[in-house]
Amino acid sequence: MRKAYLGLSPKSLPPEQTELVLKLSLLHETSQAMMTTIKLDDLLHIIITAVTMEGGFGFNRAMLFLVNHSAHTLEGMIGMGPESAEDARRIWNEFAQKKVGLLEWVLSPERILSKVRSRVDEICKSIIVPLHPIDGGILARTVLEKTYFNVSDEKEDTFIWENIYSKVGGGPFATVPIIAKGQATGVIKVDNIYNNKPISEEDIKMLTIFASQAGMAIENSRLYQTMELAHQELREAQEQMLHAEKLVAIGEMSASIAHEIRTPLVSIGGFARRLCRSHQFDKEKEFLEIIVKEVDRLEAILNQVLVFSKEPFLNLLPYNLNQIVEDSLHVFSDELRQDNINVIKELNPNLPLVFCDYPQIKQVFINLIANARQAMTAGGYLKFKSCFSEDDKMVIVEVEDTGGGIMPKIIGNIFNPFFTTKEKGLGLGLSITHKIMLHHHGTILVKNDYGKGTTFILHFPFRE
Ligand SMILES: Nc1ncnc2c1ncn2[C@@H]1O[C@H](COP(=O)(O)OP(=O)(O)O)[C@@H](O)[C@H]1O
Ligand SMILES: [Mg+2]
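Residues numbered from 1 in each chain as written. Chains lettered and ligands numbered in written order. Predicted model: local features only at pLDDT ≥ 70, side-chain atom pairs only at ≥ 80, totals over all residues. Heavy atoms only, no water.

Trainee: Help me get a handle on the environment of Asp296, residues and values and all.
Mentor: Structurally, Asp296 can be placed in helix 10 (residues 283-309). Between the C-alpha atoms of Asp296 and Gly269, which are 27 residues apart in sequence, the distance is 7.6 Å. (Helix = DSSP H or I, 4+ residues; strand = E, 2+ residues; numbered from the N terminus.)

This is the structure:
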């Protein structure tokens, strides 16, 4: 064992007790070092540093693998070690001059900087070991048998020979299991390729104790990660709930306003039309016509608001979405031609049928085409693509335009009701579209290539 740092001088003790104090202080220091972080990648870096550092366990090279329970494999997580004997000598000299202890080194900003990728690390990260006593060799057996191995003839293990040593060289090695709560959750593999120091049983015993400390720390870090994830999901769910509540409130409010306005509007429109019919060729008739036109426009807006706020009734029948795409494009065929917009169709002819409400899905495509058209004032391409995924049981329709895309800072708002960047926009198109998709258990995503164009991606679930 190498130097350890506890601040006390064991010089006055008999040699065997000195040795023991040094060992205990090393373990104490490594466990303190591991407690400085809860992030898994940082923790693994500290562990591998402790295993290879002069002030730590001092092995020349180390690799750490963790069990992937669902895949029944061991996965290489991190490796550390110099690339060559000269490299090793240089690093050891540098360290000897620095005279830093493990804990000091772990806490120093230099350690973070030293997280450069080495060949050993690269190779380690590429390795997946089957958890099988023959196929996975000693690495797998260390986990399966929960025991260490000290191997003096490295050719004994074909897995390590073929997957590691053929790439980064090697010699005698040892493996110890990482244990947490009585279960083997990983392996640390060490060797002394550069100074050829034999690995003693004593070394292995110390490393085994350390590996179980490390096991607990890794377990805690993973639990923390799971908790973080759960917390994140909860936060997102809460945000969605708030958003949904807000939408309901806006919906109710706009519906009641729309109803209030609609009744007088109908009388205004009715009387204006009557007056319009009874006047002929004078200035007043011109004014009356304007009133009639504007009332029509207001009624159209109110209808949209009512569509938005009403809980839609779904009349679900099996349809081929390609057909609905064609029908929706047909509505705009003259306008698209006039605006110099080329329509490209890449529709998969074998699309499974989707249970949906025809007028509502047509509304979805019409809203998207209307937006694309308004974005492509100087002409462009409007592409419809349809395909399906047998695995996910989804029909996917993509609507892509070359209208310059959406400014990134507003993209979070486009599905909100009444959000619009257009002078005469109402801001309900995408919000209605989103709602219809939700009612069909589908999704709508936007892929934005700002400066070029926008793609809306719709997923519709289908049944056999
Ligand atoms: N294809 C598109 N290209 C660029 N911007 C778009 C596109 N589709 C939607 N937008 C943006 O999203 C906003 C909201 O769209 P929408 O809900 O349909 O309301 P409106 O069309 O009435 O503005 C638009 O004002 C526009 O800024
Ligand atoms: Mg719109």
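Trainee: Residues and numbers for the pairing of strand 13 (residues 453-461), please.
Mentor: With seven of its nine residues buried, strand 13 lies for the most part within the structure. Examined bridge by bridge, strand 11 (residues 394-401) and strand 13 share seven bridges and lie antiparallel to one another. In the strand pairing of strand 13, Met394 is matched with Pro461. The pairing of strand 12 (residues 443-449) with strand 13 spans seven bridges and is classified as antiparallel. From the neighbouring strand, Asn448 faces strand 13, where its bridge partner is Thr454. (Buried < 20%, exposed > 50% of the residue type's maximum accessible area, 1.4 Å probe, protein only. Pairing = 2+ DSSP bridges.)

Trainee: Any details on helix 9 (residues 201-278)? Residues and values, ideally.
Mentor: For helix 9, which comprises 78 residues, the first-to-last C-alpha distance of 110 Å matches the rise-based estimate of 116 Å (1.5 Å per residue) to within 8%. Taking the largest bend as the criterion, helix 9 deviates by roughly 25°, centred on Arg262, and proline Pro264 comes between one and four positions later. (Expected span 1.5 Å × (residues − 1). Bend = angle between axes of the 7 residues up to and from the residue.)

Trainee: I'd like to hear about the sheet that holds strand 2 (residues 73-80), residue by residue, with values.
Mentor: As summarised here, the arrangement of the six strands in space is 3-2-1-6-5-4, forming an open sheet in which the pairing is antiparallel. Because the sheet does not close on itself, it has two edges, and the strands there are strand 3 (128-130) and strand 4 (149-151). Neighbouring strand axes in the sheet, compared pairwise and without regard to direction, differ in orientation by 25° on average. Relative to strand 5 (residues 173-180), strand 4 is paired through three bridges, and the arrangement is antiparallel. The partner of Val151 across the bridge, within strand 5, is Phe173. (Axes fitted to C-alpha atoms, helices over the stretch in contact; angles between N-to-C directions.)

Trainee: Explain the side chain of Asn192 to me, and be specific about the residues and the numbers.
Mentor: One can find Asn192 in the loop between strand 6 (183-191) and helix 9. Overall, the relative accessible area of 7% leaves Asn192 in the buried class. In this structure the side chain of Asn192 is engaged in a polar contact, spanning 3.0 Å, whose partner is the backbone oxygen of Lys197. Once residues lying within four places of it in the same chain are set aside, the contact partners of Asn192 are Gly58, Phe59, Asn60, Pro172, Lys197 and Ile199. (Polar contact = N/O pair within 3.5 Å; in protein donor to acceptor, adjacent residues only side chain to side chain. Contact = heavy atoms within 4.5 Å.)

Trainee: Which residues make up a nonpolar patch on the surface, and what values do they have?
Mentor: Taken together, Ile38, Tyr224 and Met227 make up a surface patch of nonpolar side chains, about 280 Å² in accessible area. In this fold, Tyr224 is placed in helix 9. (Patch = residues over 30% accessible without salt bridge, like charges linked within 9 Å, V, L, I, M, F, W, Y side chains within 5 Å. Areas by Shrake-Rupley, 256 points an atom, 1.4 Å probe, with all protein chains shown as cover. Salt bridge = Lys/Arg side-chain N within 4 Å of Asp/Glu carboxyl O.)

Trainee: Account for the pattern of salt bridges, naming residues and giving values.
Mentor: For the structure shown, the criterion picks out 17 salt bridges. A salt bridge links Glu202 to Lys205, with the shortest nitrogen-to-oxygen separation between them at 3.8 Å. Of the two residues, Glu202 and Lys205 are both situated in helix 9; the distance of three residues between them amounts to about one turn of the helix. In this structure Lys205 comes out as exposed when scored by relative accessible area, which is 51%.

So, to be careful, I would describe these as geometric facts and stop short of saying anything about function.
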